[in-house]
Amino acid sequence: MTFQTITKSIKETKELGAKLGKLLKAGDAVLLDGELGAGKTTFTQGLASSLNIKGEVTSPTFVIAREHKSLDNKANLVHVDAYRLNTLAEISQLDLTSDLEESILVVEWGKGLVNDLVENPIKVKINHTDNEEERLIEIDASIDILEKLK
Ligand SMILES: Nc1ncnc2c1ncn2[C@@H]1O[C@H](COP(=O)(O)OP(=O)(O)O)[C@@H](O)[C@H]1O
Ligand SMILES: [Mg+2]
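Turning our attention to the overall build of the protein. What the protein contains, in helices and strands, is three helices and seven strands. When the helices and strands of the protein are read in sequence order from the N terminus, they spell out β-α-β-α-β-β-β-β-β-α. In terms of overall size, the protein behaves like a compact globule, its C-alpha atoms giving a radius of gyration of 14 Å where 150 residues would be expected to give roughly 15 Å. Dimensions of the protein, computed from the C-alpha atoms along their principal axes, are close to 40 × 30 × 30 Å. Residue burial in the protein is summarised as follows: out of 150 residues, 37% are buried. In the protein, the proportion of contacts linking residues at least 24 apart, taken out of those at least 6 apart, comes to 67%.

If you want it as structure tokens, here you go:
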């Protein structure tokens, strides 16, 4: 199922990310699709604000993956910018210290969504609109999660 909404500001995009972040648990994966500047990192910052993790989420331009350790022994956040990866499967070859099954994985992908890394990832597609400040955000997830996002 898909949920669609328009966010009218950075703040609203972060709020939507935060809402989703609250619903996530260890082992969950979120694939963010959208062109450069769509708002994938912005959404991830909001998502991260719902997790008690170490460090600021930034645009991982020069690092492929950044790990944010949980400060309360819950799920770590693994934030990947897959810009320079060719397949999502390459994530499993990165030198991660976090166990993905015990982490929340967020991947900025932007090359069309694929399914080869985790089962049933939550898919978030962020699209530009005619308005500079607005984004059309489509979230594809279980009914359970979508009900709580509305
Ligand atoms: N509604 C909105 N939601 C998110 N970002 C927005 C919005 N409106 C404008 N922006 C701008 O779009 C850019 C998004 O950047 P970023 O999150 O780094 O994108 P990406 O990670 O997809 O490349 C920022 O410069 C931000 O100020
Ligand atoms: Mg980004």
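Our focus in this paragraph is the nonpolar core. Across soluble globular proteins, nonpolar side chains show a tendency to be buried alongside one another. Residues L32, V106, V107 and V124 are the most contacted members of the largest nonpolar core, which totals 32 residues. For this core, the elements supplying multiple residues, two or more each, are α1 (10-22), β2 (29-33), α2 (40-49), β4 (76-81), β5 (103-108), β6 (122-128) and β7 (135-140). Once you skip the residues sitting within four places of it in the chain, L32 turns out to touch K40, F43, T44, V106, V107, E108, W109, V124 and I126.

Contact pair α1 / α2: the axes reach a minimum separation of 6 Å and the direction vectors enclose 45°. The pairing of α1 with α2 is recorded here as oblique in orientation. Here α1 runs over α2; the crossing is right-handed. Every residue of α2 that contacts α1 at I10, T13, K14, E15, L16, G17, A18, L20 and G21 is listed here: T42, F43, T44, Q45, G46, L47, A48 and S49. Residue composition of the contact of α1 with α2, by class: seven nonpolar, eight polar and two charged.

What follows is about the sheet that holds β5. What holds strands together in a sheet is hydrogen bonding between their backbones, with the strands either parallel or antiparallel. Taken together, seven strands build an open sheet; the order of strands is β1-β7-β6-β2-β5-β4-β3 and the sheet is mixed. The sheet is open, and its two edges are formed by β1 (2-7) and β3 (65-68), each paired on a single side. Shown here is a sheet whose adjacent strand axes are inclined to one another by a mean of 15°, direction ignored. Across four bridges, the pairing between β2 and β5 is parallel. Its bridge partner being in β5, A29 is matched across the sheet by L105. Strand contacts of α2: β2, β3, β4, β5 and β6, with the helix running at about 165° to β5, the strand carrying the most contacts.

Lining the immediate surroundings of ligand 1 are 17 residues, of which T13, G39, K40, T41 and T42 lie closest. Listed by contribution, the elements that provide at least two residues to the shell around ligand 1 are α1 and α2. With three residues, α2 is the single largest residue contributor to the shell around ligand 1. For the shell around ligand 1, the per-class residue count stands at three nonpolar, nine polar and five charged.

In this structure, Q45 sits in helix α2. Residue classification places Q45 among the buried positions, given that 21 C-beta atoms sit within 10 Å. Excluding anything up to four places from it in sequence, Q45 contacts K14, G17 and V57.

A few words on α1. With 13 residues, α1 should cover 18 Å at 1.5 Å per step; its first-to-last C-alpha distance of 19 Å lies within 8% of that length. Contact partners of the buried residues in α1: β1, α2, β7 and α3 (143-149).

Criteria and cut-off values
- Residues numbered from 1 in each chain as written.
- Chains lettered and ligands numbered in written order.
- Predicted model: local features only at pLDDT ≥ 70, side-chain atom pairs only at ≥ 80, totals over all residues.
- Helix = DSSP H or I, 4+ residues; strand = E, 2+ residues; numbered from the N terminus.
- Rg over C-alpha atoms; globule rule 2.2 N^0.38 Å.
- Buried ≥ 20, exposed ≤ 12 C-beta atoms within 10 Å, placed from the backbone.
- Contact = placed C-beta atoms within 7 Å.
- Core = buried A, V, L, I, M, F, W, Y, C linked by C-beta atoms within 7 Å.
- Axes fitted to C-alpha atoms, helices over the stretch in contact; angles between N-to-C directions.
- Parallel < 35°, antiparallel > 145°, perpendicular 65-115°, else oblique.
- Left-handed = near helix turned anticlockwise from the far one by under 90°.
- Nonpolar A, V, L, I, M, F, W, Y, C, P; charged D, E, K, R; others polar.
- Pairing = 2+ DSSP bridges.
- Near = placed C-beta within 6 Å.
- Expected span 1.5 Å × (residues − 1).

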